[in-house]
Amino acid sequence: MERHGRVGLAGHLLGLVLAVLVPSLALGGATAWHLAGLYRAASEERLKDTARALSLAVDGEFEIFQTAVLALASSPLLRLEDSRAFRIWAVTATTRLGGAVVVHEAVQGYPQRLDTMRSEDALPDPVPVTAPATAELVQRALLTRQAAIANLIEGQASGRAQAAAAAPTPDAQAVVTMAVPAERLARLLADQELNHGAVAAIVDAQNRIVARSDDGGASPGAAAIAVPLGNGAEASGMFRDTAEARPVLYAFHRLRRAPGWSVVVGERLADHRTNWLRPLLIFLAGGAVAFGLGLALALSLGRRIRSPVLALVRRADRVRGGTGAEPPPALPHSPVAEFEELRLAMERADAALRAGEAEFRAAFEQSAVPMQQTDCATGCFLRVNRAFCQLLGRPAEQLIGLPFTEVTHPEDREVDLAGFWRMARGEVPSYEGEKRFLRPDGSVRWARIASSPVRDARGQPIRTMAVVLDVTAQHEAEAARRSSEAWMRLAQEAGGIGSWDTNYETGTTRWSDENYRLWGLEPGTPIQEQFILSLVHADDRQALMRQQQMALDPNGPHPMEVEFRIRRASDGAERRLLSIGERSHASDGRLVGHRGIVQDVTERRQAEEQLRRSEERLRLAQEAGGIGSWEWEVATGALFWSESCHHLFGTDPAQPLTDADWRALMTEGDGPRVEAMLDAALAGTATVWETEFRIIRQGDRALRWINGRGSILRDAADGRPLRVVGVAMDVTERREAEERLRLLAREVDHRAKNALAVVQAALRLTPKDDAVRYAQAVEGRVNNLARVHNLLAEARWSGTRLHQLAEGELAPFLPARTGREERAPRVVLDGPSVLLGPSAAQAISMALHELATNATKHGALSMPGGVVRLSWALDHPAGLLRIRWSETGGPPIAAPPERRGFGSRVMEATIRDQLGGAVGRDWTAAGLDCALEVPLGRLASDLDEGVSDRPLFAHGQV
């Protein structure tokens, strides 16, 4: 057919093919390029999100160790002299966490006080710390008074590099460090779901690897990943490492708990490029094939290809409009081979596009980061991945078609819905924010959402693509941090601690509100040096000024500490403050300031003074009461005595004692008994032990009685005795008093029996033919015994003097004195002072009573003018007391009595039978002359010499 200047069908087809394919391919290429860029950005964001998520997990792990080491450092068990209780707790903590605990003294060199990697019996290592990283960690904990994480340090026991956490004790006298096992961190990384070929690592501030997720990684301490430090302000970022044989793309995120540390996630650069270049290459290859086939078909088919061309145009329009999830209808077969090949090429290109969509769907479903798509018209979920389902705790079947507001916390719905609709209407290009998701079990998960719209061919948003990051742990950590800061603030207020900061370059000084309160000033009051010094006690100003001068000396002591008194400005009260400061240096080491804390220690100093006085009063009370305190370690046998206890036993307080030394002080008779009682108490369940025993006191070798009483402290787990704490008291005087009481009781019993025996003898010997005379005789003799008993009782049965006994016996027979005149004496007593025991006093009194009774009835005392002369003398050579009774002026005696009366028998029964003496009578014309002889040894045979210290005999007249 002639064309007549017109372009033929082939040209029109060619133009049509060009008009259709070129824009389509250009749009497809741009789309592919855009998708490739999205793939690349998504892949990089995936690496960043993975590094960020791992950093949160590692921060949580470090927070566990910091919390544990803070709890160990704050334990009251650490202040006890016996560290075994603290060691048990520390071992329990390290068993669960897997690290070792070391306690360093806050002195030069930071020597160890305790190490859980060593046996309990091993002594602490006094050698100062030589590892610079360990010393820097301990020093940083002491300066900041907070828990800290160190760079890799070499373990003293294992010799391997490892991380460590440290915290100071509240009094800054020691620092507790705990090793952070690298294996634990490696397991944490390995438990994360990383893409195939990806590797994660933890790097310290010196770019040394702490732990890696792969088994074949470098050992802890290796420097294999150089994280770009920059200015230290970047929280996260990306970098490439081309030094290796196969370059790697890394994403890093800084750790909050360990300044300078990072979590690094790496992926081979070739794999990364393959992920985002593959769709573009496939599309370009398919487009090129389609374009060539279209031209060939246009040139060769002509009119015969009109229908296939139209089909191709329709297919091109479909490709331009996008590829759906379902495969499009197949193209009709063409009789032209080129068109058929073109058809097949178009099928392959469409399959490649569907494969790219499948890959995107696979990446969406298998991503470790929660992702979801939402319909812009209804706000319902269109697609969710597995990580998003795990975040919400619901299966995909329940979420698809559900409005996102149904799983949003009620308090966050309004803000979240407003942001979504603004993005759906095209008012904003994207939406980012935080909200809370509700799970079926009622729990809440915090999430950070980054959402972008997916637009149709007209540019209208049809659905959103959102990436969701679980930040629940971060929120919980932040809440815990705020709570910890609140508790710390309350603790500082309760402890009276203020802070201050001075900058020498700017000349400014900042005080905390608590510091103002300590000085009695309103917060915000200008800090003027002269005014502040005027509040300081005059005796302490020089010391405070010297401390300020030392702060400017780079070679001065560090840290600096001074204690001074002030007169508080608000009420004028005198308070004692403790200031502890340190220097502030710039990055180049230049001294730029001084900072520190101030604590009110008034009550503590007063309490220390009261405690000292209380201890002094206790010591004086123990010494005055003869009481000593002691403590015995059952396992070691160590014995701790107070100074007063040493005085009780006569030992030297400067010499240490053991259990064997104490046992050696006991007498042989009491030692086995006391040891058996103590062993029985320890072997049983008793909590109290008490006994009395005798000791030979060292020094004067005196025999003393000791009362010992102790409380047995046992292990709460197995009841094993640990310590015995008690007191010792000298009860020698009490024991001696009890012995005297027992002797006195026996003596009273003996004397009562003697008195009853005398009464019985008086009753038996008194004539019974005349009842009246019998009664009078018995009554007189019993009264005599009563008088003697009264004399002995008044002297507490310590005996009585013979003169007092005779005067009391003869007083009833003497005439009474009338008016101012006094008659001549009827009885004359003459003799030395002689002490009589109870038995001798009763016997001699009975004899004198019989002589006086006889003299009153028949002798010198029966007539006026009659006189009785009673005299006695001590004949030491003969060992006798000689008593003479002489009567004169009585009735004349013609001859001695023919019979012996009752009185004679009583005298013989008492003097001769009871005392072993003799009785002699001489009846002269003047009257009776009676001689009594009593052995000196019988005068005080029953006298309690422990009661009376009076001599038995004294020379001289009475």
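Here's what I pulled together on the structure shown here. It should be emphasised that the depicted structure is a prediction, and the values quoted were computed from it without experimental measurement.

## Focus: helix α18 (residues 671–683)
Look at α18: 18 Å from first C-alpha to last across 13 residues, which is about the 18 Å you get at 1.5 Å a residue. Of all the residues in α18, the buried ones are Gly-671, Val-674, Leu-678, Ala-681 and Leu-682. Looking straight down α18, one finds that the buried residues subtend no more than 105° of arc, so they occupy a single side. Among the exposed residues of α18, those pointing more than 90 degrees away from its buried face are Pro-672 and Ala-683. If you follow the buried residues of α18, they end up packed against β21 (627–633), α17 (659–665), β24 (688–696), β25 (703–714) and β26 (721–730).

## So, the packing of helix α21 (residues 802–810) against helix α22 (residues 838–857)
The N-to-C vectors of α21 and α22 enclose an angle of 35°; their axes lie 10 Å apart at closest approach. As for how α21 packs across α22, the hand of that crossing is right-handed. Seen from α21, the contacting residues are Leu-802, Leu-805, Ala-806, Glu-809 and Leu-810; seen from α22, they are Ala-841, Ile-844, Ser-845, Leu-848, His-849 and Ala-852. Classifying every residue of the contact of α21 with α22 by side-chain character gives eight nonpolar, two polar and one charged.

## What to know about the nonpolar core
In this structure, Val-58, Phe-62, Val-176, Met-178, Ile-202 and Trp-261 are the most contacted members of the largest nonpolar core, which totals 43 residues. If one sorts the elements of this core by residue count, helix α1 (residues 9–73) sits on top with 10 residues. In this structure Val-58 touches Leu-188, Leu-189, Ile-202, Leu-255 and Val-263, once residues within four positions along its chain are discounted. Within the second largest apolar cluster, 35 residues are counted, among which are Leu-810, Ala-852, Ala-855 and Ile-911.

## Comments concerning unusual backbone geometry
Within the chain, Ala-172 stands out as a residue other than glycine whose phi angle is a positive 55°. Tracing the sequence through the fold places Ala-172 in the loop between β4 (161–168) and β5 (174–180). Despite not being glycine, Arg-701 shows a phi value in the positive range, around 55°. The topology assignment puts Arg-701 in the loop between β24 and β25. Looking at Arg-701, the relative accessible area reads 57%, which means it is exposed.

## Quick notes on the sheet that holds β21
Sheet strands pair via backbone hydrogen bonds, and the direction of the pair is either parallel or antiparallel. Strand order in the open sheet formed by six strands is β23-β22-β21-β26-β25-β24, and the pairing between neighbours is antiparallel. Each edge of the sheet is formed by a strand with only one pairing partner; in this case those strands are β23 (657–658) and β24. In the sheet, β25 pairs with β26 via nine bridges, with the strands oriented antiparallel. Bridge pairing links Arg-709 to Val-727 in β26.

## Details of helix α14 (residues 541–551)
Because an α-helix packs 3.6 residues into every turn, residues spaced three or four apart end up facing the same way. For α14, the set of buried residues is Leu-544, Gln-547 and Ala-551. Taken end-on, α14 shows its buried residues confined to a sector of 55°, consistent with a single buried face. Exposed side of α14, more than 90 degrees from the buried face: Gln-542 and Gln-549 are the residues found there. In the core, the buried residues of α14 are packed alongside α13 (529–535), β18 (560–567), β19 (574–585) and β20 (591–600).

Reading the values: the criteria
- Residues numbered from 1 in each chain as written.
- Predicted model: local features only at pLDDT ≥ 70, side-chain atom pairs only at ≥ 80, totals over all residues.
- Heavy atoms only, no water.
- Helix = DSSP H or I, 4+ residues; strand = E, 2+ residues; numbered from the N terminus.
- Expected span 1.5 Å × (residues − 1).
- Buried < 20%, exposed > 50% of the residue type's maximum accessible area, 1.4 Å probe, protein only.
- Arc of directions from axis to C-beta.
- Contact = heavy atoms within 4.5 Å.
- Axes fitted to C-alpha atoms, helices over the stretch in contact; angles between N-to-C directions.
- Left-handed = near helix turned anticlockwise from the far one by under 90°.
- Nonpolar A, V, L, I, M, F, W, Y, C, P; charged D, E, K, R; others polar.
- Core = buried A, V, L, I, M, F, W, Y, C linked by side-chain atoms within 4.5 Å.
- Pairing = 2+ DSSP bridges.

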